[in-house]
Amino acid sequence: MSALGRVVRAGVARRRVQTLVMVLTTMLSVTASIAAGGLIVASTDPFDHAFARQHGAHLAARFDGREASPGQIAATAHAASVTAAAGPFAVASASPRFEAPAGLPAGTGPALDIAGRADAGGPADRLELVTGHWLTGPGQIVLAAGDGDEAGPDALIGTRLSFPGLPGTPRLTVVGEARSVGRTADAWVVPAQIAALTPAGGTPSYEMLYRFAHAGSSAQISRDRAAVAAAVPAGSMSGAQSYLTVRAEVNRQTATFVPFILAFGVLGLVLSVLIIGIVVSGAVTAGTRRIGVLKALGLTPAQVGRAYVAQAVVPAAAGALLGVALGNLVSVPLLHQADTAYGAVSPVVAWWIDLLVPAGMLVLVVASALAPALRAAGLRTVQALAVGRTPRAGRGRTAARVAGRLPVPRAVGLGLAGPFARPARSATTWAAVALGAAGVTFAFGLATSLNRVQDGLNQNTPGQVQVTTLRRPDGGAPPNPPATAGSSATGSAAPGSGTATAGTATGNGHPGQADPAAVGRAIAAQPGTRAYFGTSFDQAHFAGVAGAVQLVAYQGDSSWGTYQMVGGHWFTGPGQAVVGHGFLTAAGARVGDTVTLVGDGRSTRVRIVGEALITGDDGKRVLTDARTLTAAGLRASPDTFSVELADGTDRATYLKTLDAALEPLGAQAGATVGGLSSTVVAIDAMAGSLTLLLIVVTGLGVLTTVVLDTRERVHDLGVLKALGMAPRQTAVMVVTSAGWIGAVAGLVGVPAGMALHARVLPVMAGAAGTRIPRADLAVYHAPQIACLALAGLLVATAGALLPATWAARTRTATALRTE
Amino acid sequence: MTPSAPSITTPLIDIREVRKEYDDGPPALVDLSLTVAAGEALAVLGPSGSGKSTLLNLIAGLDRPTGGTVTVDGVRVDRLGETASARYRRERIGMVFQFFNLLDDLTVTDNVLLPAQLVGAGRLQARARAAELLEHLGIARHAQAYPGRLSGGERQRVAVARALMNRPALLLADEPTGALDTASGAEVRELINELNDEGQTILLVTHDLALAGACATRTVELVDGRIARDTPGTRRTRGGSAVAR
Ligand SMILES: Nc1ncnc2c1ncn2[C@@H]1O[C@H](COP(=O)(O)OP(=O)(O)OP(=O)(O)O)[C@@H](O)[C@H]1O
Ligand SMILES: [Mg+2]
């Protein structure tokens, strides 16, 4: 082995603590960076990535089985520009009743679009199994993995679905959940099962999935669609869904997450870089005297530089390898959370991140080691040798002098002055802790604000009881209330999937609807009713606003059950409206402006008096008094009643008697379910994991710096102990050094985190089509700020505790021999 | 801190049958017994590796003997825990080292103040005491300087001032002139003499026969961890003084 090799090997082996610190640091930094990088990559265009992976269908077309034969439909695969096709799959639409497994309430779900499909793979729209297994025969059903699986991914496996609306009430067992990137169906059964799910005399319907050579724009998709339609008898194509629609929906959903994931990711990356920088350059600087010795022995500056870089790289490489393994491990739950949020994320870290991150870290290590090594190598040998005896000439003296005058115990004073002896390292540690504190502050604000927004959204379904006047055509239970808070933030846009908003007929009463007036009288007559009002949900058009707008008309006094307001106030009479942010944007209007509602050849002017927190319908929702419509000669008949119960009324009993009274009228009463938006749940979970990661990285960063510091100052510690400094005083001194950096870092980190919160949340809200009420953003108050500022101190102190105990235990006689 | 003033007949240091073994090699001290009376200036001589520093460390409570007892000023030093031995040092012992061991980022005054601050002494009193010591040791004009700028002799004076800060019962010095030139060495020798004249009990470890001859009221020579010779010095003790006590 060469002399140089010997020096490197000795340097790595003899200085065990430093080597361990280096391994630990690189490992952590690589772990954090892989987790952060993996998440950022997963959050960029998840739909496009999933679409490529699953060979997603550019177009999902439906055909009327009476107009076109399966053979004719299959032949559309040869239409111009079709590059791949799957199908035809027979489809049926049916409403299942869930036979509850343990604990879950039984209930009827919305109608499912069920496709008969033997194979999960194929040339287009390959399904990704999320949990369970694929169909192995009849009697089984695989559900589309939804974004509302709060109960957990496996909750539905083994559940039995029955279809009471169908002859013979067929029963199916859920065996798996799968994901179609284009959301081509709500569930899948084997083709033979479809017949049993089609009502007697029902129309046979087929689905065909296509991939095209050119499908980048809606115009191209339209041409492709026309080509397919031309290949079957005219009018037999009953509908078609472009992947662009789903893509827009997913991207909107993703856009809600990207701002905060980026914020955390960047924090994590910068933190990693800082900590690597501190530790590596610190380790090399500590070796300055040894460098002097080596030079005295005849090593050239270049050789010294090489030796020290090698000394840093050997442990760093080991740490990087461990970090890659750990990073991928940590990413599993994070990516799973991202997947739940976007519904389209690959479960593993992109391979190139596993290469790029460790490579980048090693480059950083070399750079961080080279600078101080070359500086040390460039010192005249005498100077380098002198460094061990009289270090840091002049540094931190003012601080030491000031701290010496402070009316605090001397150990504390020495600790306070400590950071100034190594200003560069202390500044870096400080920055690391400040970033950590900013991360924690941001995460706290994010979670608090989102929970308030959630409460605000739940307010959109007021009252303890909801009554619906709609009857299902199959005579079954009512559909979902149109605006349950839970689904509004994440509402899926599955084509023809029964969850589409009820009441698409314009303006007027719905077929199969119970008489709203009679329902209202029944509610009023019911003992225990304190207040109630009716709402109707309809599509409406406004002059100058493209597309349909969701119009909610209130009948009765709605002042007790208003939405959470972003600005302005709730309407106080006819002619006034409260709108969502999306509507204001679409109309180019502001609160106080007047807009014109048009319908049935009539029009009426409505003044916008307030903006409410609305995430559903892209915020394109208008709330007004029903009299606004009736005054203009438009009809508004409530399809839902919200009921507030008198104090002390038992809801279960109330529901039972009211339901009995409503039964003959054809209406149904149900308890209001406080929704939990899966978006909020997912953001909370991810913010939690990421914060934990940041705290661990920060804490260990402090630990490693304090270890280095303590080892460098071991001689000074020996002197102090010889002068009679007790172990406890030594520990107090070391902890004070770090804690004080932490405290000051908290003072800067907390406002930085608050600023980040103030910037990022509106962006997230904007992506969700709303603005956030100021009250929901104002989450930081003096006690919280104080606690968060203390967090920096706490993390730094916790990181310093272990090395402080080591310092306290240093054997004085040994320390004094150290040079 | 005023230690009980023992009469000249009760020993200030009482070492009995002390043994010290390190992990490897022969024992550094072998069944060594030694008593030192208050007011004595004892020089410990001996070749390199004979166990002089080891003995000093045991007396200072910086290390523990493998066997035997060490009693200083009535305190069983060999039984003290870490915290208690730290308290013992800061209240009863002053130490001076070959390489001064001053803290480089503290001024001369702040270095000297440290022991007083560690016991939590009153601010004004401590400052007055420091100023008095610096004045007495002739380094008052360097009070606000940093140790790095001082000569070796001056630094050692600062170290001595720091050691005397809490009026220790015992001043320990390990090769106090080892890093000094002849002239500075002579200064320190004079200083030690003066202090002993003022009544300060001193135990100094040295190779420097001139130092031992000039300062010691008694000389002990170690060889291989045993006392090879114990001879009275040429100097005689004199009365007490205002500064050291
Ligand atoms: N911490 C230690 N670990 C192991 N052996 C030690 C330790 N300290 C001292 N020794 C050994 O104990 C013996 C006595 O050492 P000591 O330092 O007391 O000698 P000394 O008389 O002070 O020498 P010098 O005049 O060179 O300072 C030596 O052999 C030394 O190697
Ligand atoms: Mg020695």
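Residues numbered from 1 in each chain as written. Chains lettered and ligands numbered in written order. Predicted model: local features only at pLDDT ≥ 70, side-chain atom pairs only at ≥ 80, totals over all residues. Heavy atoms only, no water.

Looking up chain B in an unreviewed UniProt entry gives the name Putative ABC transport system ATP-binding protein, with the organism given as Actinacidiphila yanglinensis.

If you check an unreviewed UniProt entry, chain A appears there as Putative ABC transport system permease protein from Actinacidiphila yanglinensis. Quoted verbatim from the Subcellular location (unreviewed entry) field of the UniProt record, the comment on chain A reads "Cell membrane". The UniProt entry for chain A carries the following comment under Sequence similarities (unreviewed entry): "Belongs to the ABC-4 integral membrane protein family." (UniProt positions renumbered as here; feature names shortened; annotations may be inferred.)

All right, on to the interface of chain A and chain B then. Counting residues at the interface gives 32 residues for chain A, matched by 26 residues for chain B. When the two sides are added together, the surface that chain A and chain B hide from each other amounts to roughly 2800 Å², 53% of it contributed by carbon and sulfur. Counting the surface chain A buries against chain B, the share from its top three residues, Arg397(A), Arg410(A) and Leu723(A), is 24%. Across the contact surface, chain A and chain B share 0 salt bridges. Listing elements by their share of the side of chain A that touches chain B, those giving two or more residues are α12 (397–405), α13 (410–421), α21 (714–722), α22 (727–767) and α25 (812–817) of chain A. In terms of residue class, the side of chain A that touches chain B is made up of 15 nonpolar, 7 polar and 10 charged. (Contact = heavy atoms within 4.5 Å. Buried area = accessible area lost by both parts, 1.4 Å probe. Salt bridge = Lys/Arg side-chain N within 4 Å of Asp/Glu carboxyl O. Helix = DSSP H or I, 4+ residues; strand = E, 2+ residues; numbered from the N terminus. Nonpolar A, V, L, I, M, F, W, Y, C, P; charged D, E, K, R; others polar.)

All names here are of chain A. Applying the stated criterion across every chain yields a total of 13 aromatic pairs over all chains. Between Tyr 210 and Phe 212, the aromatic rings sit 5.9 Å apart at their centres with planes inclined by 15 degrees, giving stacked as the arrangement. As far as the burial class goes, Tyr 210 and Phe 212 line up, both buried. Look at Tyr 532 and Phe 641: their rings are 6.1 Å apart centre to centre, the planes differ by 50 degrees, and that puts the pair in the tilted class. Here the residue Tyr 532 occupies a position in strand β14 (residues 529–542), and Phe 641 occupies one in strand β21 (residues 640–645), the gap between them amounting to 109 residues. On the accessibility criterion, Phe 641 (4% relative accessible area) is buried. By way of ring pairs, the aromatic residues Phe 533, Tyr 554, Trp 560, Tyr 563, Trp 570 and Phe 571 are connected into one cluster. (Phe/Tyr/Trp six-rings, centres within 6.5 Å; stacked < 30°, edge-to-face > 60°. Buried < 20%, exposed > 50% of the residue type's maximum accessible area, 1.4 Å probe, protein only.)

Quick look at the sheet that holds strand β2 (residues 29–37) of chain B now. Paired through their backbone hydrogen bonds, the strands of a sheet run either parallel or antiparallel. Residues and elements named next belong to chain B. Strand order across the open sheet formed by 4 strands is β2-β1-β4-β5, with antiparallel pairing between neighbours. Two strands bound the open sheet, and with one partner strand each, they are β2 and β5 (75–76). Of the pairings in the sheet, the one linking strand β1 (residues 11–20) to β2 comprises 6 bridges and is antiparallel in character. Its bridge partner being in β2, Ile 13 is matched across the sheet by Val 36. (Pairing = 2+ DSSP bridges.)

With that settled, the discussion passes to the confidence of the model for chain A. Residue and element names in this part refer to chain A. Chain-level statistics for chain A give a pLDDT mean of 76 and a share of 82% at 70 or above. In the model of chain A, helix α15 (residues 485–488) stands out as the element of lowest mean pLDDT, 33, in contrast to strand β17 (residues 576–579), which has the highest, 92. Counted against residues more than four places away or in other chains, residues 101–107, with its pLDDT under 50, gives 8 contacts. (pLDDT = per-residue confidence, 0-100.)

Quick look at the nonpolar core now. Counting residues in each nonpolar core, the largest one holds 66 residues, and the members touching the most others are Leu39(A), Phe260(A), Phe264(A) and Leu446(A). Those elements that provide at least two residues to this core are α2 (16–42), α7 (243–286), α9 (301–342), α10 (351–378), α14 (423–458), α20 (678–712) and α22 of chain A. If you count residues domain by domain, this core takes at least three from each of domain 1 (1–40 + 270–387) and domain 3 (390–461 + 677–819) of chain A. When residues no more than four places from it in sequence are discounted, the contact partners of Leu39(A) are Ile261(A), Leu334(A), Leu335(A), Ala338(A), Met686(A) and Leu690(A). One finds Val96(B), Phe100(B), Leu102(B) and Ile202(B) within the second-largest nonpolar core, a separate group that totals 39 residues. (Core = buried A, V, L, I, M, F, W, Y, C linked by side-chain atoms within 4.5 Å. Domains from an automatic or database assignment.)

Take the pattern of salt bridges next. Within this structure, the stated rule accounts for 19 salt bridges over all chains. Among the ionic pairs, Lys20(B) bridges to Asp63(B), the shortest N-O distance being 3.4 Å. Here Asp63(B) lies in the loop between α1 (52–60) and β4 (67–72) and Lys20(B) lies in strand β1, a separation of 43 residues in the sequence. Look at Lys20(B) and you get buried, because its relative accessible area is 7%. For Arg218(B), the salt bridge goes to Glu40(B), with nearest N and O atoms at 3.4 Å. Highlighted residues: Arg218(B) in strand β9 (residues 218–223) and Glu40(B) in the loop between β2 and β3 (41–45), separated in sequence by 178 residues. Judged by its relative accessible area of 13%, Arg218(B) falls in the buried class. Residue classification places Glu40(B) among the buried residues on the basis of a relative accessible area of 15%. Residues joined by salt bridges that share partners form a network here, namely Arg62(A), Asp113(A) and Glu207(A).

Once that is clear, we can look at the packing of helix α5 (residues 152–164) of chain B against helix α6 (residues 182–197) of chain B. Residues and elements named next belong to chain B. The N-to-C vectors of α5 and α6 enclose an angle of 20 degrees; their axes lie 9 Å apart at closest approach. One element, α5, and the other, α6, form an angle in the roughly parallel class. The hand of the α5/α6 crossing is right-handed. Residues Gly 153, Gln 156, Arg 157, Val 160 and Leu 164 of α5 lie in contact with α6, whose contacting residues are Ser 184, Glu 187, Val 188, Leu 191 and Leu 195. (Axes fitted to C-alpha atoms, helices over the stretch in contact; angles between N-to-C directions. Parallel < 35°, antiparallel > 145°, perpendicular 65-115°, else oblique. Left-handed = near helix turned anticlockwise from the far one by under 90°.)

What follows is about α12(A). Buried within α12(A) are the following residues: Arg397(A), Ala399(A), Ala400(A), Ala403(A) and Gly404(A). The arc that holds the buried residues of α12(A), viewed along the axis, is 160 degrees, so those residues lie on one side. Next to the buried residues of α12(A) lie α13 of chain A together with α3 (108–119) and α4 (123–136) of chain B. (Arc of directions from axis to C-beta.)

Surrounding ligand 1, one finds 12 residues, the nearest of these being Ser48(B), Gly49(B), Lys52(B), Ser53(B) and Thr54(B). Each of chains A and B places residues next to ligand 1. Backbone polar atom of Gly51(B) to an oxygen atom of ligand 1: 3.0 Å apart, as the coordinates give it. For ligand 1, the accessible surface in isolation is 630 Å², of which the surrounding protein chains cover 65%. The element contributing the most residues to the shell around ligand 1 is α1(B), with 3 residues. Of the residues in the shell around ligand 1, the class split is 3 nonpolar, 7 polar and 2 charged. (Near = heavy atom within 4 Å. Polar contact = N/O pair within 3.5 Å; in protein donor to acceptor, adjacent residues only side chain to side chain. Areas by Shrake-Rupley, 256 points an atom, 1.4 Å probe, with all protein chains shown as cover.)

Successive residues of a regular strand alternate their side chains across the two faces of the sheet. Residues and elements named next belong to chain A. Where burial is concerned, most of strand β7 (residues 140–144) is hidden: 4 out of the 5 residues are buried. Inspection of the sheet shows β7 paired to strand β9 (residues 171–179) by 5 bridges, in the parallel sense. Directly across from Ala 144, in β9, lies its bridge partner Ala 178. Summarising the sheet, β7 and strand β10 (residues 187–189) pair through 2 bridges and their orientation is antiparallel.

Now for the pairing of β17(A). Residues and elements named next belong to chain A. Neither face of β17 is exposed, since Gln 576 and Val 578 on one face and Ala 577 and Val 579 on the opposite face are all buried. Summarising the sheet, β17 and strand β19 (residues 602–612) pair through 4 bridges and their orientation is parallel. Bridging from a neighbouring strand, Gln 576 pairs with Arg 607 of β19. Two elements, β17 and strand β20 (residues 621–625), share 3 bridges in a ladder whose sense is antiparallel. Across the sheet, the residue bridging to Ala 577 is Thr 624, located in β20.

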